[in-house]
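# Structural features, examined
This is what each chain is made of:
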Amino acid sequence: MDIGIDLGTANTLLYARGQGIVLNEPSVVAVRAGARGALAVGAEAKETIGRTPGSITAIRPLRDGVISDYEAAEEMIRHFVRKAVPGRRPRTRMVVCVPSGVTPVERRAIVHAAERAGARAVHLIEEPMAAAIGAGLPVSEPRGSMVVDIGGGTTEVAVISLGGIVTAQSLRVGGHRLDTAITDFVRKEHGLLIGERTAEDIKVAIGSAWPVPGADSFEMRTHAVRGREKVRGLPKTVDLTVKEVRAALDEPVEAIITAVRATLEDCPPELSGDVMEHGIVLTGGGALLPALDLRIASATGIPVVVADNPLDSVALGCGRCVEDFDSLERLLSAV
């Protein structure tokens, strides 16, 4: 069984050959102090974030798109593979997505974790290439295609032509950085301490990168936020507005735009013309932030579109490599 893995900071997706995406769960592992193995993995483990006793810790094995806890990552990959492909199975061939800016040491850590989880062979594909394939861009043609993949831990910006990445920026800013920006804003402006899950709920409910055209009702929304007062330590509720959350998100959003501009500046003139003509494609969970496409388009003067299935683009691109391994093998690297 050949498997493609989008090993993300926020979520891990598995693509099984001939079956499509068979698993999509949070990249979270819950462990008990002094005990071997994981107490819970994936969605079950995410439910414990911020709610565990001192003896149990919910951790994310990946930080900024790379492995930060080797043992937990190995346990997580093994658990997901067993869950996605139950029963007896031969050692699998895996295609794993990695950020374009990972170091050789980080690449070897990912390969080793996959091998320990049961892979007989591990091939790596850079995330912007997988995202472009999954979004349906003509990556093999002599034409410049630009993709911006905004994941949980990283943002990958790349211009692709003839099956290769011509120029790219790997920025360690993603969905989690957006959540942290909201957490910091609420603490500073309202003196309220909130957790990671609450910040994510705020982002989903009333987050935006720019005023949303024709959505006056959205601009008037508020969101009740419950947390703990920083000074007195007592529970408290405050109402956040759309404009407040937009201001909180401004810094990380601007960092993404800066990376897009830097990539365009490094792009050869001929390919820049292709990008101007065909536009920029946004993928990843961050692409769902309302009006982000409009803000990037305004900053660059280039049309921006969101991929049809932005959350699954990387996994689908990885799956294409699994399904048609022989013809797409030149896009992969082995370590």
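All of the points below concern the structure found in this document. Keep in mind the model is a prediction, meaning the values are calculated, not measured. The residue count restarts for each chain, going from 1 along the sequence in the order it is written. Given that the model is predicted, a residue must reach a pLDDT of at least 70 before its local features are reported, and side-chain atom pairs must reach 80 or more before they are shown or counted; all residues, however, enter totals for whole chains, interfaces and linings. Each side-chain value is worked out from all heavy atoms of the structure, with water and hydrogens disregarded.

### With respect to the packing of helix α2 (residues 70–84) against helix α3 (residues 104–116)
The N-to-C vectors of α2 and α3 enclose an angle of 45°; their axes lie 8 Å apart at closest approach. By the criterion of interaxial angle, the relationship of α2 to α3 is oblique. Classified by chirality, the crossing of α3 by α2 is right-handed. In this structure, α2 uses Tyr70, Glu74, Ile77 and Arg78 to contact α3, whose residues at the interface are Ala109, His112, Ala113, Ala114 and Arg116. Of the residues belonging to the contact of α2 with α3, the class tally is 5 nonpolar, 1 polar and 3 charged. Angles here are taken between N-to-C directions and fall from 0 to 180 degrees, while the axes themselves are lines fitted to C-alpha atoms, restricted in helices to the stretch in contact. By the criteria applied, helices consist of DSSP H or I runs no shorter than four residues and strands consist of E runs no shorter than two, each listed in order from the N terminus. For classification purposes, angles smaller than 35 degrees are called roughly parallel, those larger than 145 roughly antiparallel, those between 65 and 115 roughly perpendicular, and all remaining angles oblique. Left-handed describes a crossing in which the near helix is turned anticlockwise from the far one by less than a right angle; the clockwise case is right-handed. Contacts are residue-level and defined by heavy atoms, with any inter-residue pair within 4.5 Å sufficient. Charged residues are taken to be Asp, Glu, Lys and Arg, nonpolar residues to be Ala, Val, Leu, Ile, Met, Phe, Trp, Tyr, Cys and Pro, and polar residues to be all remaining types, Gly included.

### Remarks on the pattern of salt bridges
When a carboxyl oxygen of Asp or Glu lies within 4 Å of a side-chain nitrogen of Lys or Arg, that pair is called a salt bridge. Tallied over the full model, the rule gives 19 salt bridges. Between Arg78 and Glu75 there is a salt bridge, and its shortest N-O distance comes to 3.7 Å. Linking Arg78 with Glu75, this pair stays in helix α2, spanning 3 residues, or about one helical turn. Looking at Arg78, the relative accessible area reads 17%, which means it is buried. Categorising residues by exposure relies on relative accessible area from a 1.4 Å probe, with only protein chains included: less than 20% of the type maximum marks a residue as buried, more than 50% marks it as exposed, and the intermediate range marks it as partly exposed. Classification of Glu75 as partly exposed rests on a relative accessible area of 28%. For the salt bridge of Arg187 with Asp184, the shortest nitrogen-to-oxygen distance reads 3.1 Å. One end of the pair is Arg187 and the other is Asp184, both in helix α5 (residues 175–190) and 3 residues apart, which spans about a single turn. Look at Arg187 and you get partly exposed, because its relative accessible area is 27%. Accessibility expressed as a relative area gives 27% for Asp184, which makes it partly exposed. Taken together, the salt bridges that share partners define one network made up of Glu74, Glu75, Arg78 and Arg116.

### With respect to the pairing of strand β12 (residues 155–161)
Along a regular strand, successive side chains alternate from one face of the sheet to the other. The buried count for β12 comes to 7 of 7 residues, which makes it a mostly enclosed element. By the convention used here, strands pair only if DSSP detects at least 2 bridges between them. Where strand β11 (residues 145–150) lies against β12, 6 bridges are found, and the strand directions are antiparallel. Each residue of the ladder has a partner; that of Met146, found in β12, is Val159. In this structure, β12 lies alongside strand β13 (residues 164–171), joined through 7 bridges in antiparallel fashion. Along β13, the bridge assignment pairs Val157 with Gln169. As consecutive antiparallel partners, β12 and β13 are separated by 2 residues, and within that stretch Leu162 has a phi angle of approximately 50°, a positive value.

### What about the nonpolar core?
Note on soluble globular proteins: their nonpolar side chains tend to be buried together. Only buried Ala, Val, Leu, Ile, Met, Phe, Trp, Tyr and Cys residues count toward a nonpolar core, and they belong to the same one when joined by side-chain atoms within 4.5 Å. Met146, Ile202, Val253, Val260, Ile280 and Leu292 are the most contacted members of the largest nonpolar core, which totals 40 residues. With residues near it in sequence (within four places) discarded, Ile202 still touches Ile182, Ile194, Gly207, His223, Val225, Leu240 and Val245.

### Looking at helix α4 (residues 127–134)
Burial runs high along α4: 7 of the 8 residues are buried. Taken as a whole, α4 has its buried residues at Glu127, Pro128, Met129, Ala130, Ala131, Ala132 and Ile133. Where α4 ends, the next residue or the one after it, Gly136, has phi of about 85°, a positive value.

### A few points about a nonpolar patch on the surface
Candidates for patches are residues over 30% relative accessible area with no salt bridge; among them, like charges are joined within 9 Å and nonpolar side chains (Val, Leu, Ile, Met, Phe, Trp, Tyr) within 5 Å. The accessible surface values rely on the Shrake-Rupley method and a 1.4 Å probe; as for residues, cover is taken only from the protein chains in view. Residues Leu288, Val306 and Leu311 make up a contiguous nonpolar surface patch of roughly 250 Å² in combined accessible area. Mapped onto the elements of the fold, Leu288 is located in the loop between β17 (280–283) and α10 (292–300).

### Structural notes on the side chain of Thr263
Counting through the fold element by element, Thr263 comes out in helix α8 (residues 242–266). A relative accessible area of 0% places Thr263 in the buried class. Within 3.5 Å is the distance limit for a polar contact, defined as a pair of N or O atoms, with the added protein rule that one can donate a hydrogen and the other accept it, and that residues adjacent in sequence qualify only through two side-chain atoms. Within the structure, Thr263 has its side chain in polar contact with the backbone oxygen of Ala259 (distance 2.9 Å). Ignoring sequence-local partners within four residues, the contact set of Thr263 consists of Met146, Val157, Ala158, Val159, Thr167, Ala168 and Gln169.

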